[in-house]
Amino acid sequence: MQKFDHMPLRKSNWEIRIFSIWNSNISCFSLSVSSCVNEFITPRATALMSNIDLFLENLFQLANDTDSDVRKHVCRALVMLIEVRIERLIPHMQQIIEYMLLTSQDTDEAVALEACEFWLMIGDQPICRDVLQPYLDKLLPVLCQNMKYSDMDAITLHSDIDDDHDVPDKNEDIRPRFYRARTRQQNPMMSDENSTNNFIDTNNNSTNNGEDRAGEDEEDDDDDDDGATTEQATEWNLRKCSAAALDVLSNVFRDGILPVLLPILRDMLFHENWQIKESGILVLGAIAEGCSYGLVPHLPDLVDYLIKCLSDKKPLVRSITCWTLSRYSTWIVHNEGQQNKFLIPLMSELLKRILDANKKVQEAACSAFATLEEEACVQMVPYLKQILETLVLAFRKYQAKNLLILYDAIGTLADSVGTHLNRPDYIQLIMPPLIERWNSLRNDDKDLFPLLECLSSIATALQTGFLPYCEPVFGRCISLVQQTLETLGTEANMDKDFMIVALDLLSGLSEGLGKLILMLFLLSFLVCFSKQKVRISIR
C-alpha cells in the first residue's frame, strides 16, 4: 500500500486507492472491492477504463483466492470485460481460457456458473472460433459434465415421484400469465406466418434464459415442503448455462464439434446412471440446430432411441426426451420416408405422455406436441379424432398449471389443421370442455388470457361451425371491452390486456364467420346506444 501513499488524492485516482486495498490479505476487503468495482465495468466508467491494465493486474492476482465469493467476482468481471473491452483481454486470452476451464469445474457451483457464463459470452464474439478451437477437446467434456442433475437437484425436483397428477397446484406454482400477440404456424398454403421454437425444455433447462412457449414453461416454480424449492433447482443455473453454452458453440463450430462430442454423447446416452443418461439427451437437444447437417446420418438411430426413451421409468428422462424430440421435429416431419417410420410412432407416444401420471412429463409432452403440430400441419388431419380424444381426457386430468399449456396445444392444432377441424364430431369433442371452462372463469381471472387465445384460433378454424357458441362468446368479449374502458382512470382500473385479448378473439370470430358476424355487431351497437340514451334521459 505504501507505493500509493505519495499520490495526491485526485478525483481521477480514487480507483487506484481502491486497488491498493483490493489485494489485501483481508478477505472481506477483497470481496467488497471486487463487488464494488465490477459495478463500473458495464457502464464503462471513465475512471476504470482509463486504468484498465491496473485493474486486470489486480484481478489476475485474485484469480486463485481461497474465498469462493472472490473467485466468483473475478469470473464475473472477466465475463463483463468480454463485452466491453475484449481487446484488452486478447493478449491474456490463453491464460483466461485455461483459468475458466478450471473454474467451470469448481466445487462451488456458484463459482462454476460464473465461469460458465464466459463460454456463452465469448461464443457471440468474432474471435470465438480462433481462440476456442484448440480447447474444444477439453471444453466440451466439461460442459457435458455440468449438464447432469446434481443429487440435490434430483431430490428437489422429486425425481422419484412418478405419479403426482392428482396433486393440486399451489398458487405460487403458476407463473403470472400475460397476453401474448396472436401468432400462427400453419400449412404454407393456409398462411405464410412462421414462428420459431425457443430453445427451452420442460425440464427447465432454458438455454436462452428468456421466453418460452405457453408461458411455461418452463421456468417453473414448485415448492417443496422441506424448505428446498424447485425454484432453486429451475432458476438459471450451471446446468442451464452449460446447455446454453453448448448450443451457442454448436452454432459457431457447427459439425466441427462432432468428432469430440459424439463419443461422449454415446457414453452418456447408454450410461446406467439415469442422471447421466438424462443429461446426454439434453446434450443431444442442445446441438440440434448447430449440428443438424452432421447429425443426419445418425438421426434414424437416435430418433428411434429417443422414442423408446419416452417410456423410461424416470419422469425426468421422459420429460427431457419430449423436449429433445421436439428439437428434431423438422427432420422427422419433412424428410421423405420418415413420416411412417417416425412421425406416427412419435405422435402416438407423445399422446400417451400427454396423459402421463407425472405433471412435469405432461407439460413437456404437451409443449412438444404443439411444436410437432406446427411442423406437421395437415399431416395431422388423419389422426385428428385420436388427438382430440386425448386432449379432452387431458382436460379432466390436468391441474391448473398444465391447463395453460393444454390451451396452447389446442390452439396450435386449430391453427395447423385449419378448417379440417370443422366437423360435427370434432366440434362435439373439443368445444364442451372449453365452454365449461369459459363459464367457470370470472371476468377478472387472468386464466382467461390463454383460453381466449385458444378460442380465437378455434373460432377461425371452425368458421360456421362456431356459430352455436358465437353469441355468448361475442357478448362476453364486448362486456370485457366495456368493463375495461369504464374502469380506465379509476381506482378499479382493469388490466388493459383483458380488452386486448377480447378484441383478438373478436377478430378471430370475424375472420371465421365473415359477414355472419355483422348482425351481432349491429345488435351490440344498438344495445350500447340504448343504454347511453337511457343514461342521458335520466340525467
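All residue numbers here refer to positions counted from 1 along the written sequence of the relevant chain. Thresholds applied to this predicted model are a pLDDT of at least 70 for local features of residues and 80 or more for the giving and counting of side-chain atom pairs; totals over whole chains, interfaces and linings are not thresholded and use all residues. By convention in this description, side-chain values take in all heavy atoms of the structure and omit both hydrogens and water.

## Side note on the packing of helix H21 (residues 359–376) against helix H23 (residues 400–417)
To get an axis, fit a line to the C-alpha atoms, keeping to the stretch in contact for a helix; angles then go from 0 to 180 degrees between the N-to-C directions. In DSSP terms, a helix is any run of H or I states spanning at least four residues, a strand is any run of E spanning at least two, and both are numbered starting from the N terminus. Viewed as axis vectors pointing N to C, H21 and H23 meet at an angle of 15 degrees, and their least axial separation amounts to 9 Å. Classified by the interaxial angle, the pair formed by H21 and H23 is roughly parallel. Read as a crossing pair, H21 and H23 show a hand that is left-handed. For the pair H21 and H23, contact is made by Lys-359, Gln-362, Glu-363, Cys-366, Ser-367, Ala-370, Glu-373 and Glu-374 and by Lys-401, Asn-402, Ile-405, Leu-406, Asp-408, Ala-409, Thr-412, Leu-413 and Ser-416, respectively. Polar here means any residue other than Ala, Val, Leu, Ile, Met, Phe, Trp, Tyr, Cys and Pro, which are nonpolar, and Asp, Glu, Lys and Arg, which are charged; Gly is therefore polar. Taken together, the residues that form the contact of H21 with H23 break down as 6 nonpolar, 5 polar and 6 charged. Oblique is the label for every angle not falling under 35 degrees (roughly parallel), over 145 degrees (roughly antiparallel), or within 65 to 115 degrees (roughly perpendicular). Each crossing gets its hand from how the near helix is turned against the far one by less than a right angle, where anticlockwise is left-handed and clockwise is right-handed. We call two residues in contact whenever any of their non-hydrogen atoms come within 4.5 Å of each other.

## Side note on helix H24 (residues 424–440)
Multiplying 1.5 Å by the helix residue count minus one yields the expected span of that helix. The terminal C-alpha atoms of H24 lie 24 Å apart, and with 17 residues this matches the ideal 24 Å at 1.5 Å per residue to within 8%. Think of it this way: the bend at a residue is just the angle between two axes, each fitted to seven residues, one set ending at that residue and the other starting at it. Its maximal kink placed at Met-431, H24 deviates by approximately 30 degrees, while the proline Pro-432 follows within four residues. Each residue is assigned to one of three classes by its accessible area relative to the maximum for its type, calculated with a 1.4 Å probe on protein chains only: buried under 20%, partly exposed between the two thresholds, exposed over 50%. By the burial criterion, the buried members of H24 are Tyr-426, Ile-427, Ile-430, Met-431, Pro-433, Leu-434, Ile-435, Arg-437 and Trp-438.

## Some thoughts on the packing of helix H15 (residues 274–286) against helix H17 (residues 299–309)
Helix-helix packing is characterised by the crossing angle of the two axes and by the distance between the axes. Remark: H15 packs on H17, axes separated minimally by 12 Å, with the N-to-C direction vectors making an angle of 135 degrees. Relative to H17, the element H15 is oriented oblique. When the axes of H15 and H17 are compared, the crossing they make is left-handed. Contact residues: Lys-277, Ile-281 and Leu-284 in H15; Leu-302, Tyr-305, Leu-306 and Cys-309 in H17. Residues that form the contact of H15 with H17 fall into these classes: 6 nonpolar, no polar and 1 charged.

## Some details on the packing of aromatic side chains
Any two of the Phe, Tyr and Trp rings considered here, Trp counted by its six-membered ring, make a pair once their centres fall within 6.5 Å; the pair's planes then place it as stacked at under 30 degrees, edge-to-face at over 60, or tilted in between. For the coordinates displayed, the defined rule picks out 6 aromatic pairs. Ring centres of Trp-331 and Phe-342 lie 5.7 Å apart, and the angle between their planes is 40 degrees; this geometry places the pair in the tilted category. Of this pair, Trp-331 sits in helix H19 (residues 329–334) while Phe-342 sits in helix H20 (residues 339–354), placing them 11 residues apart in sequence. One exposure class covers both Trp-331 and Phe-342, and it is buried. Taking the centre distance of 4.8 Å and the plane angle of 55 degrees together, the rings of Phe-449 and Phe-498 count as tilted. Placement of the pair is Phe-449 in helix H25 (residues 448–462) and Phe-498 in helix H27 (residues 496–513), with a sequence separation of 49 residues. For the pair formed by Phe-449 and Phe-498, the shared burial category is buried.

## Remarks on the confidence of the model for the protein chain
For every residue, the predictor reports its confidence as pLDDT, a number between 0 and 100. Here the protein chain shows a mean pLDDT of 82. Residues at 70 or above account for 77%. Within the protein chain, helix H12 (residues 230–234) has the poorest average pLDDT of any element, 50, and helix H10 (residues 136–146) the best, 98. For the stretch residues 182–202, pLDDT sits under 50, and the model shows 75 contacts to residues farther than four places along the chain or on other chains. Throughout residues 529–539 the model reports pLDDT below 50, and contacts reaching past four residues in sequence, or to other chains, amount to 1 contact.

## Structural notes on H15
An α-helical turn contains 3.6 residues, so a residue and the one three or four places further along point in the same direction. When the terminal C-alpha atoms of H15 are compared, their 18 Å separation across 13 residues agrees well with the 18 Å that a helix rising 1.5 Å per residue should span. Counting buried residues along H15, 12 of its 13 residues qualify, which places the element largely inside the surrounding structure. Regarding H15, the residues found buried are Trp-274, Gln-275, Lys-277, Glu-278, Ser-279, Gly-280, Ile-281, Leu-282, Val-283, Leu-284, Gly-285 and Ala-286. Capping of H15 at its N-terminal end is provided by Asn-273; its side-chain oxygen lies 2.8 Å from the backbone amide nitrogen of Gln-275. Pairs of N or O atoms within 3.5 Å make up the polar contacts considered here, provided that, within protein, one atom can donate a hydrogen while the other can accept it, and that residues adjacent in sequence are counted only when both atoms are side-chain atoms.

## Quick word on the side chain of Ser-416
With respect to the element layout, Ser-416 can be found in helix H23. Judged by its relative accessible area of 0%, Ser-416 is buried. At a separation of 3.0 Å, a polar atom in the side chain of Ser-416 contacts the main-chain carbonyl oxygen of Glu-373.

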